[in-house]
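Structure assessment
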Amino acid sequence: MFDPTSIATDQPLLVADNLAKSYGRLPACRGVSFKLYPGEVLAIVGESGSGKSTLLQMLSTQLQPSAGRVSYRMRDGVLRDLAALGEAERRFLFRTDWGFVHQDPAMGLRMAVSAGANVGERLMAVGWNNYGKIRDTASTWLQRVEIGLDRIDDAPRTYSGGMRQRLQIARNLVTSPRLVFMDEPTGGLDVSVQARLLDLLRGLVTELGLAVVIVTHDLAVARLLSHRVMVMQGGRVIETGLTDQVLDDPREPYTQLLVSSILPA
Amino acid sequence: MNAPSYNFAYLDEQTKRMIRRAILKAIAIPGYQVPFASREMPMPYGWGTGGVQVTAAILGPSDVLKVIDQGSDDTTNAISIRKFFAKTAGVATTTRTDEASVIQTRHRIPEAPLHEGQVLVYQVPIPEPLRFLEPRETETRRMHALAEYGLMHVKLYEDIAKFGHIATAYAYPVKVAGRYVMDPSPTPKFDNPKMDNCPALQLFGAGREKRIYAVPPYTEVVSLDFEDHPFTRYRQNAPCALCGAEDSYLDEIVTDDKGGRMFVCSDTDYCETRRAEGHFGSANAPETERADV
Ligand SMILES: Nc1ncnc2c1ncn2[C@@H]1O[C@H](COP(=O)(O)OP(=O)(O)OP(=O)(O)O)[C@@H](O)[C@H]1O
Ligand SMILES: [Mg+2]
């Protein structure tokens, strides 16, 4: 089994190198470089259309960059250029060492399949062949995300919005990924439901030592979850730093505007 | 006699060559679904036009054809297809499994063991075993290409979660030659073990979906399962009321309007052959035995 202590935390897990993406003449994202370390939570913030999702999709190999490169330190400790991975390797990475939590749960869940099978699917995909063990593991994860075991055989289409997001999280975490991507995971939820989800996420991220890249336009989410923040505007990263530092004492006028308008209190 | 107004076995030679190429490719890659340019046949899709096209492509003048539907040689569907080829190819037909060189089937594999040199042609309505959970064709193709078959177990998991056991009774998924997962067409899972290491060539034709796939002779065919919920064969727990067979797949037949029913072999040739050999069941026991009852 993978031993998380075997990879030194002073070596980056994910490296973005001068990433760019254009849609025709529109530069949706340009010149983005950063390093993400094991256990680190990075929030990407910025107004609508600033390129957050585009960047996240490039980082997670769902979108091919127009320029630049993304590298990832595999479980064997070797940093690999993701563009050079074969499709099978990439898909394997995606359902083992990575997670992706979508804003729209229908994109991250099988809505017509029971919660237990939604969580168990990754295990079955990596060859688990014992029903009892799959179900036990799924049960454990449902409990960890505060879903009652009486709902294990219900399909997520019968779940509330908050439950669906928690199920997505369980489905992703069951294979002990080291890196989880999230695109507006709390978007569209009621404030009280959001708060509970954020609380849960914060607990799991700390407990499991997960590295996370989370896209949000809600600075409160960034403040609560992230260690570092990257502020995007017009496809560029205009400011980056420790979360408290950037949000409490923004240097860029745009960030100041963002902070003051969204966090009026 | 009038000269036949169709080509041998109805399809033109070019079409048959195209289908044969698909069949050869299918044999070369056991369990892999090969696309082919399915033709209109003078019968509706529900009648197994995929199987009919495969049969048409492989028949030769010296072949002996058997056609079964749900195990029976006598349903309208089976009779029509048999007549179709008797007329368009002039081939001999039979109801005897052991005498046939080509057997076209819908929903069953004969009980009598198949032998080398025979070809079993299945009529397939839906060739894609992953469709149940993944409707996107691009995605299922990728899953086959990368042998990502976790989803197949998701389906079995759902069965156990809902019913306490793997309730899939027909079209039970199999893995062929350790590589491709395949839908065996809507045969009962009772028949699955017969596909494994079978001396006969098994060909599958899906007309509407334009796919052909194959299991070459003596190929490993394994039914998917969980180690704590292993694959089990299912058969009604009764002997055949006509021939007394305890090893054959049974159909339930309603005998009167007062709830009377009996179980008989679904494979009519198997049942008749056994009766001709002197076997009998509860419904046709000789007088002496009946007196004891
Ligand atoms: N597939 C596409 N084709 C063309 N333009 C696109 C495409 N996807 C995104 N864009 C454009 O690229 C820019 C960045 O989009 P992106 O979705 O990354 O923004 P975002 O920061 O995630 O916004 P939001 O907060 O609204 O989700 C926008 O101008 C958008 O219209
Ligand atoms: Mg977005």
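Going by what an unreviewed UniProt entry lists, chain B is known as Alpha-D-ribose 1-methylphosphonate 5-phosphate C-P lyase and is assigned to Rhodopseudomonas faecalis. Word for word, the UniProt comment on chain B under Catalytic activity (unreviewed entry) is "alpha-D-ribose 1-methylphosphonate 5-phosphate + AH2 + S-adenosyl-L-methionine = alpha-D-ribose 1,2-cyclic phosphate 5-phosphate + methane + 5'-deoxyadenosine + L-methionine + A + H(+)".

Describing the overall build of chain A
Helices and strands together make up the secondary structure of chain A, namely 10 helices and 10 strands. Counting across all 265 residues of chain A, residues that qualify as buried make up 53%. Counting only contacts in chain A whose residues sit at least 6 apart along the sequence, the fraction spanning at least 24 positions is 68%. Surface summary for chain A: the accessible area is close to 11700 Å², and the carbon and sulfur share equals 50%. With 29 positive and 28 negative side-chain charges, chain A shows a spacing of 6 Å between the two charge centroids.

Quick notes on the domain arrangement of chain B
Residue and element names in this part refer to chain B. For chain B, the assigned domains are domain 1 (13–223) and domain 2 (235–285). Residue-level contacts link 15 residues of domain 1 with 11 residues of domain 2. The junction of domain 1 with domain 2 conceals about 1000 Å² of combined surface from both sides, 46% of it contributed by carbon and sulfur atoms. On the domain 1 side of the contact with domain 2, R108, E111 and F190 bury the most area, a combined 43% of that side's loss. Inspection of the domain 1/domain 2 interface yields one salt bridge. One salt bridge connects D269 with R96, and the closest N-O pair in it is separated by 3.6 Å. The tally of links between domain 1 and domain 2 comes to seven residue pairs in polar contact (both at pLDDT 80 or more).

As for the sheet that holds strand β2 (residues 26–36) of chain A
Residues and elements named next belong to chain A. Taken together, four strands build an open sheet; the order of strands is β2-β1-β4-β5 and the sheet is antiparallel. On the outer flanks of this sheet lie β2 and β5 (79–81), each paired with one strand and no other. Between one strand axis and the next, the sheet turns through 25 degrees on average, direction left out of account. The sheet contact formed by strand β1 (residues 14–23) and strand β4 (residues 67–73) spans five bridges and is antiparallel. The residue of β4 that forms the bridge with A20 is A67.

Observations concerning the site of ligand 1
Residue and element names in this part refer to chain A. The environment of ligand 1 is made up of Y23, L26, A28, E47, S48, G49, S50, G51, K52, S53 and T54. Separating an oxygen atom of ligand 1 from a side-chain N or O atom of S53 is a distance of 2.8 Å. Residue T54 places a side-chain N or O atom 2.5 Å away from an oxygen atom belonging to ligand 1. Protein chains bury 57% of the 640 Å² of accessible surface belonging to ligand 1 in isolation. Elements with a contribution of two residues or more to the shell around ligand 1: β2 and α1 (52–59). For the shell around ligand 1, the element with the most residues is α1, which contributes three residues. Classifying every residue of the shell around ligand 1 by side-chain character gives three nonpolar, six polar and two charged.

Concerning the interface of chain B and chain A
Every contact between the two is made by 20 residues of chain B and, on the other side, 22 residues of chain A. Summed over both partners, the interface of chain B with chain A comes to about 1800 Å²; 54% of that surface belongs to carbon and sulfur atoms. Contact with chain A buries area across many residues of chain B, yet E148, Y157 and E227 of chain B alone supply 31% of it, more than any other trio. Here E148 of chain B makes a salt bridge to R91 of chain A, at a shortest N to O gap of 2.7 Å. Of all elements in the fold, only α4 (137–145) and α5 (150–163) of chain B reach the threshold of two or more residues within the side of chain B that touches chain A. Here the side of chain B that touches chain A gets eight residues from one element, more than from any other, and that element is α5 of chain B. Its residues assigned to classes, the side of chain B that touches chain A comprises nine nonpolar, three polar and eight charged.

Considerations on the environment of R275 of chain B
All names here are of chain B. By secondary structure assignment, the location of R275 is in helix α7 (residues 268–276). Separated by 33 residues in the primary sequence, R275 and L242 place their C-alpha atoms 7.6 Å from one another. Every residue in contact with R275, bar those within four places of it in the chain, is listed here: L242, C243 and N284.

Observations concerning the nonpolar core
Counting residues in each nonpolar core, the largest one holds 68 residues, and the members touching the most others are V45, V119, L167, I169 and I214 of chain A together with Y157 and F226 of chain B. It is α5 of chain B that provides the largest number of residues to this core, a total of seven residues. In terms of nonpolar packing, the next biggest core, distinct from the first, is built from 31 residues, V52, V54, L59 and L203 of chain B among them.

Things to note about the sheet that holds strand β6 (residues 174–176) of chain B
Whether parallel or antiparallel, the strands of a sheet pair through hydrogen bonds between backbone atoms. Residues and elements named next belong to chain B. In spatial order, the strands read β7-β6-β10; together these three strands make up an open sheet with antiparallel pairing. Each end of this open sheet is capped by a strand with a single partner; those strands are β7 (180–182) and β10 (221–223). Strand-to-strand twist of the sheet, defined as the mean angle between neighbouring strand axes without regard to direction, takes the value 30 degrees. Taken together, the three bridges between β6 and β10 define a ladder with antiparallel strand orientation. Of the residues in β10, the one forming a bridge with V174 is S223.

Thoughts on the pairing of strand β10 (residues 236–242) of chain A
Examined bridge by bridge, strand β9 (residues 228–233) of chain A and β10 of chain A share six bridges and lie antiparallel to one another. The residue of β10 of chain A that forms the bridge with M232 of chain A is V237 of chain A.

Focus: the confidence of the model for chain B
Averaged over chain B, the pLDDT score is 93; the fraction of residues at 70 or greater is 96%. On the interface metric, ipTM, the complex scores 0.90, and its pTM is 0.89.

Quick notes on the environment of N284 of chain B
Residues and elements named next belong to chain B. Tracing the sequence through the fold places N284 in the loop between α7 and α8 (287–292). For the pair N284 and L250, spaced 34 residues apart in sequence, the C-alpha separation works out to 17 Å. At 2.9 Å, the side chain of N284 and the backbone oxygen of L242 are in polar contact. Of the polar contacts made by the side chain of N284, one reaches the backbone nitrogen of G281; its length is 2.9 Å.

Parameters and conventions
- Residues numbered from 1 in each chain as written.
- Chains lettered and ligands numbered in written order.
- Predicted model: local features only at pLDDT ≥ 70, side-chain atom pairs only at ≥ 80, totals over all residues.
- Heavy atoms only, no water.
- UniProt positions renumbered as here; feature names shortened; annotations may be inferred.
- Helix = DSSP H or I, 4+ residues; strand = E, 2+ residues; numbered from the N terminus.
- Buried < 20%, exposed > 50% of the residue type's maximum accessible area, 1.4 Å probe, protein only.
- Contact = heavy atoms within 4.5 Å.
- Areas by Shrake-Rupley, 256 points an atom, 1.4 Å probe, with all protein chains shown as cover.
- Lys, Arg positive; Asp, Glu negative; His and termini not counted.
- Charge placed at Lys NZ, Arg CZ, Asp CG, Glu CD.
- Domains from an automatic or database assignment.
- Buried area = accessible area lost by both parts, 1.4 Å probe.
- Salt bridge = Lys/Arg side-chain N within 4 Å of Asp/Glu carboxyl O.
- Polar contact = N/O pair within 3.5 Å; in protein donor to acceptor, adjacent residues only side chain to side chain.
- Pairing = 2+ DSSP bridges.
- Axes fitted to C-alpha atoms, helices over the stretch in contact; angles between N-to-C directions.
- Near = heavy atom within 4 Å.
- Nonpolar A, V, L, I, M, F, W, Y, C, P; charged D, E, K, R; others polar.
- Core = buried A, V, L, I, M, F, W, Y, C linked by side-chain atoms within 4.5 Å.
- pLDDT = per-residue confidence, 0-100.

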